[in-house]
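Chain and residue survey
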Amino acid sequence: MPRKLTYVYKGDRKELPFSYSRHHDIYEAAAAAENIDISGFLAMEEQVRITSKGKSAVKDFRQKEFARMGFSDIKMVVDDESQS
């Protein structure tokens, strides 16, 4: 079942194929598609993960930072066309 990633970057909706063998998650894939270096973000995210008591802090941090970078509506969809 092929997966696709859809997201909005600075007002433009974009779609691309997604594979867990190439990217850890959909946020990493979206940043890579836009040639954005997220190494600093990943280090800070790890610090949030270590110091927080719940997963919601990491999720909130990720969503707010990606919104600050210009991303919105990042989600994975299943390609329905190839299932027939």
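Quick look at the overall build of the chain
Each helix and strand in the chain was counted, giving three helices and three strands. Along the chain direction, N to C, the helices and strands of the chain fall in the order β-β-α-α-α-β. C-alpha extents for the chain along the principal axes are approximately 45 × 25 × 20 Å. Relative to its 84 residues, the chain shows a buried fraction of 32%. Of all intrachain contacts in the chain linking residues separated by at least 6 positions in sequence, the fraction that spans at least 24 positions is 59%. Counting every atom, the chain has about 5,900 Å² of accessible surface; 50% of that belongs to carbon and sulfur. Side chains of the chain carry 14 positive and 14 negative charges; the gap between the two charge centres is 5 Å.

So, helix 3 (residues 55-69)
Taking 1.5 Å per residue as the helical rise, helix 3 with its 15 residues ought to reach 21 Å, and the 21 Å between its terminal C-alpha atoms agrees with that figure. Val58, Phe61, Arg62, Phe66 and Met69 are the residues of helix 3 that are buried. Angular distribution of buried residues about the axis of helix 3 spans 120 degrees; they occupy a single face of the element. Turned more than 90 degrees from where helix 3 packs its buried face, Lys59, Lys64 and Arg68 sit exposed. Contacts made by the buried residues of helix 3 are with strand 1 (3-9), helix 1 (26-33), helix 2 (39-51) and strand 3 (71-78). Immediately beyond the C-terminal end of helix 3, within one or two residues, lies Gly70, with a positive phi of roughly 110 degrees.

Thoughts on the environment of Ala30
Counting through the fold element by element, Ala30 comes out in helix 1. C-alpha of Ala30 to C-alpha of Ser19: the two residues are 11 residues apart in sequence and 12 Å apart in space. Beyond its immediate chain neighbours, meaning those up to four positions away, Ala30 contacts Leu5, Tyr7 and Phe71.

Brief notes about the pattern of salt bridges
A pair can form between side chains of opposite charge whenever their charged atoms are brought close. Tallied over the entire structure, the rule returns eight salt bridges. A salt bridge links Lys4 to Glu15; the shortest N-O distance between them is 3.2 Å. Note that Lys4 is positioned in strand 1 and Glu15 in strand 2 (residues 12-18), a separation of 11 residues in sequence. Classification of Lys4 as partly exposed rests on a relative accessible area of 24%.

What to know about the nonpolar core
Counting 19 residues, the largest nonpolar core has Leu5, Tyr7, Phe66, Phe71 and Ile74 as the members making the most contacts within it. Elements with a minimum of two residues in this core: strand 1, strand 2, helix 1, helix 2, helix 3 and strand 3. Of the residues forming this core, the biggest block, five residues, is contributed by helix 1. Once you skip the residues sitting within four places of it in the chain, Leu5 turns out to touch Lys14, Glu15, Leu16, Phe18, Ile26, Ala29, Ala30, Ile74 and Lys75.

Conventions adopted
- Residues numbered from 1 in each chain as written.
- Predicted model: local features only at pLDDT ≥ 70, side-chain atom pairs only at ≥ 80, totals over all residues.
- Heavy atoms only, no water.
- Helix = DSSP H or I, 4+ residues; strand = E, 2+ residues; numbered from the N terminus.
- Buried < 20%, exposed > 50% of the residue type's maximum accessible area, 1.4 Å probe, protein only.
- Contact = heavy atoms within 4.5 Å.
- Areas by Shrake-Rupley, 256 points an atom, 1.4 Å probe, with all protein chains shown as cover.
- Lys, Arg positive; Asp, Glu negative; His and termini not counted.
- Charge placed at Lys NZ, Arg CZ, Asp CG, Glu CD.
- Expected span 1.5 Å × (residues − 1).
- Arc of directions from axis to C-beta.
- Salt bridge = Lys/Arg side-chain N within 4 Å of Asp/Glu carboxyl O.
- Core = buried A, V, L, I, M, F, W, Y, C linked by side-chain atoms within 4.5 Å.

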